Amino acid sequence: GRIMQRHRQVRAVAFADDGYIDGELKECLLLLAELKQAFKEECGLELQLSKCKLFIKGMSLADARQLVRDTIEQEPRLSAISDMLHVHEDQSKNVIQVEGITCVGVPIGSPEFVTAFVKTKTSAMVDDVRKLRVLSDPLTHFRLVRFCHNTRLSYLNRNLPPETTENAGLRNGNSGPSRTI
């Protein structure tokens with residue numbers, strides 16, 4: 001609360017050990033830097049910058065990286081978060097993202113990013129269900145599918161627009177999942 005009072009131009013929300021900040025880049029970075037310092041000094045916790053994601057839409061990855069670099073270099077209070085500029089070979093592990101990010105298990109970004117996420121998730125779920133074939137008790141199999149896999153599909157269906165899940169093969173009209181599980 002007290003840190004957010006100094007950053008009224010941004011919005012932030014936390015869920016379990018995940019936090020989300022929305023606003024202008026410089027203001028978001030200033031809040032992040034202050035939170036990093038407060039977590040360390042007051043709680044003994046280290047904010048893992050490598051797990052942070054900055055979603056900057058509407059520009060190329062090179063331009064987004066340069067914008068973040070310039071912003072950090074121009075503001076001395078941001079030096080504590082300069083580690084986030086490290087570039088990985090695997091683009092999905094980089095802090096700076098321009099196609100999309102995942103927030104609380106929901107993909108946010110370009111239609112291509114969202115569709116690819118949904119296809120990957122549903123394929124993984126189908127593979128998980130196939131692994132259940134070794135179970136000899138049909139009731140256990142049914143319960144695992146109903147209470148684990150079905151809830152994962154329902155979560156995606158509730159949090160994404162219908163056209164996205166239809167394009168990814170998750171829905172068949174309004175009749176629910178189009179894959180047999």
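Residues numbered from 1 in each chain as written. Predicted model: local features only at pLDDT ≥ 70, side-chain atom pairs only at ≥ 80, totals over all residues. Heavy atoms only, no water.

### Regarding the nonpolar core
- Formed by 19 residues in total, the largest nonpolar core has its most connected members in L29, L54, V68, I72, I81 and M84.
- Secondary structure elements with two or more residues in this core: α2 (25-43) and α3 (61-74).
- At five residues, α2 tops the list of elements feeding residues into this core.
- Beyond its immediate sequence surroundings of up to four residues, I72 is in contact with L29, L78, I81, S82, M84 and L85. (Core = buried A, V, L, I, M, F, W, Y, C linked by side-chain atoms within 4.5 Å. Buried < 20%, exposed > 50% of the residue type's maximum accessible area, 1.4 Å probe, protein only. Helix = DSSP H or I, 4+ residues; strand = E, 2+ residues; numbered from the N terminus. Contact = heavy atoms within 4.5 Å.)

### Quick word on α2
- The end-to-end C-alpha distance of α2, which contains 19 residues, comes to 26 Å, matching closely the 27 Å that a straight helix rising 1.5 Å per residue would cover.
- For α2, every residue scored as buried is listed here: L25, E27, C28, L29, L30, L31, L32, A33, K36 and A38.
- On its buried face, α2 sits against α1 (2-5), β1 (11-15), β2 (18-22), β3 (54-55) and α3.
- G44, located one to two residues past α2, shows a positive phi value of around 70 degrees. (Expected span 1.5 Å × (residues − 1).)

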